[in-house]
Amino acid sequence: MRDTLVLNASFEPLSTVTLNRAVVLVLQDKAVVEQAHPELRMRGAALDMPVPRVIRLCRYVRVPFRRRAPWSRRGVLIRDQHRCAYCGRRATTVDHVVPRSRGGQDTWLNTVASCAEDNHRKADRTPEQAGMPLLVRPFEPTPADAMLASLGSDGRAALPEWLGEQMAAA
């Protein structure tokens, strides 16, 4: 699970990484802990450090400008908060609004989270043909939105206020 946010040396959000990767970056002096979990610590024979929630790289990393968040099934489920776009129950699959057999692509605007029952019931039809209106319209998240969503709601709520403002501006 990717639960540690990585900031560039300029405090710009870069990505999320696993806890193990974040600890390695800190121990190698490639990053510093900007925010830690309040009660959790990592302990070892020669180690006692807070569990990082947000780390910042010590050196600036030049990243090519990314206009679009890359599409993924996991990203669609996270974007739709694991809620079925047809009935609102817990979603476990991704459904194509325009089925792939009819030329539908794997894009943010053509995929929604769906429960297995509704995905099977809709089958090889559009929502209109199946009589299953969408409760929410699919949208394309910004790269910053996709990164924040990957942290989960509890991870976003735990971020410092100044970082939330910067992510909204990105």
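Residues numbered from 1 in each chain as written. Predicted model: local features only at pLDDT ≥ 70, side-chain atom pairs only at ≥ 80, totals over all residues. Heavy atoms only, no water.

**As for the overall build of the protein**
Phase 1: For the protein, the count of helices and strands is six helices and six strands.
Phase 2: Listed by position from the N terminus, the elements making up the protein come as β-β-α-β-β-α-β-β-α-α-α-α.
Phase 3: Each of the 170 residues in the protein was classed as buried or not, and the buried ones make up 40%.
Phase 4: In the protein, once contacts between residues fewer than 6 apart in sequence are set aside, the share between residues at least 24 apart is 58%.
Phase 5: Here the protein has roughly 10400 Å² of accessible surface; of this, 52% comes from carbon and sulfur atoms. (Helix = DSSP H or I, 4+ residues; strand = E, 2+ residues; numbered from the N terminus. Buried < 20%, exposed > 50% of the residue type's maximum accessible area, 1.4 Å probe, protein only. Contact = heavy atoms within 4.5 Å. Areas by Shrake-Rupley, 256 points an atom, 1.4 Å probe, with all protein chains shown as cover.)

**Quick notes on the side chain of D80**
Phase 1: Relative to the assigned elements, D80 resides in the loop between helix 2 (73-79) and strand 5 (93-96).
Phase 2: Contact partners of D80, with chain neighbours within four places excluded, come to V112 and A113.

**Some thoughts on the nonpolar core**
Phase 1: Core analysis: the largest hydrophobic core is formed by 10 residues, namely V6, V17, A22, V23, L25, V26, A31, M49, I55 and L57.
Phase 2: Elements with a minimum of two residues in this core: helix 1 (19-27) and strand 4 (47-57).
Phase 3: Residues in contact with L57, not counting those within four places in the same chain, are V6, L7, N8, A9, L14, K30 and A31.
Phase 4: Grouped together as the second largest cluster of nonpolar side chains are nine residues, C84, Y86, C115 and L134 included. (Core = buried A, V, L, I, M, F, W, Y, C linked by side-chain atoms within 4.5 Å.)

**Brief notes about the confidence of the model for the protein**
Phase 1: Mean pLDDT over the protein works out to 86, with 86% of the residues at or above the 70 mark.
Phase 2: The lowest-confidence element of the protein is helix 6 (residues 161-169), averaging 57 in pLDDT; the highest-confidence one is strand 6 (residues 111-114), averaging 97. (pLDDT = per-residue confidence, 0-100.)

**Topic: the side chain of S114**
Phase 1: Relative to the helices and strands, S114 resides in strand 6.
Phase 2: Every residue in contact with S114, bar those within four places of it in the chain, is listed here: C84, Y86, A91, T92, T93, D95 and N119.

**A short note on the environment of E12**
Phase 1: Within the secondary structure, E12 sits in the loop between strand 1 (2-7) and strand 2 (13-18).
Phase 2: Judged by relative accessible area, E12 falls into the partly exposed class, the value being 36%.
Phase 3: Distance in space between the C-alpha atoms of E12 and R56 is 8.9 Å, their sequence separation being 44 residues.
Phase 4: At a separation of 2.6 Å, a polar atom in the side chain of E12 contacts the side chain of S10. (Polar contact = N/O pair within 3.5 Å; in protein donor to acceptor, adjacent residues only side chain to side chain.)

**Let's talk about helix 1**
Structural remark: α-helix, 3.6 residues per turn; residues separated by three or four positions point the same way.
Phase 1: The complete set of buried residues in helix 1 reads A22, V23, L25 and V26. Mapping the buried residues of helix 1 onto a view down its axis gives an arc of 160°, with all of them on the same face. Away from its buried face by more than 90 degrees, helix 1 exposes N20 and L27.
Phase 2: Positive backbone phi, approximately 60°, marks D29, located one or two places after helix 1. (Arc of directions from axis to C-beta.)

**Things to note about the packing of aromatic side chains**
Phase 1: Tallied over the full model, the rule gives zero aromatic pairs.
Phase 2: For the cation-ring pair, R79 lies above F139, with the distance from its terminal atom to the ring centre recorded as 5.4 Å. (Phe/Tyr/Trp six-rings, centres within 6.5 Å; stacked < 30°, edge-to-face > 60°. Lys NZ or Arg CZ within 6 Å of the ring centre and 35° of its normal.)

**What to know about the pattern of salt bridges**
Phase 1: This structure, assessed with the given rule, holds eight salt bridges.
Phase 2: Among the salt bridges present, the one from R79 reaches D80, with a minimum N-O distance of 2.8 Å.
Phase 3: Residue class for R79 comes out buried when judged on its relative accessible area of 9%.
Phase 4: Overall, the relative accessible area of 11% leaves D80 in the buried class. (Salt bridge = Lys/Arg side-chain N within 4 Å of Asp/Glu carboxyl O.)

**Remarks on unusual backbone geometry**
Phase 1: The backbone of D29 shows a phi angle near 60°, a positive value even though the residue is not glycine.
Phase 2: You can see D29 is positioned in the loop between helix 1 and strand 3 (31-44).
Phase 3: The exposure class of D29 is exposed, given its relative accessible area of 62%.
Phase 4: Here A123, not a glycine, exhibits a phi torsion of approximately 55°, which is positive.

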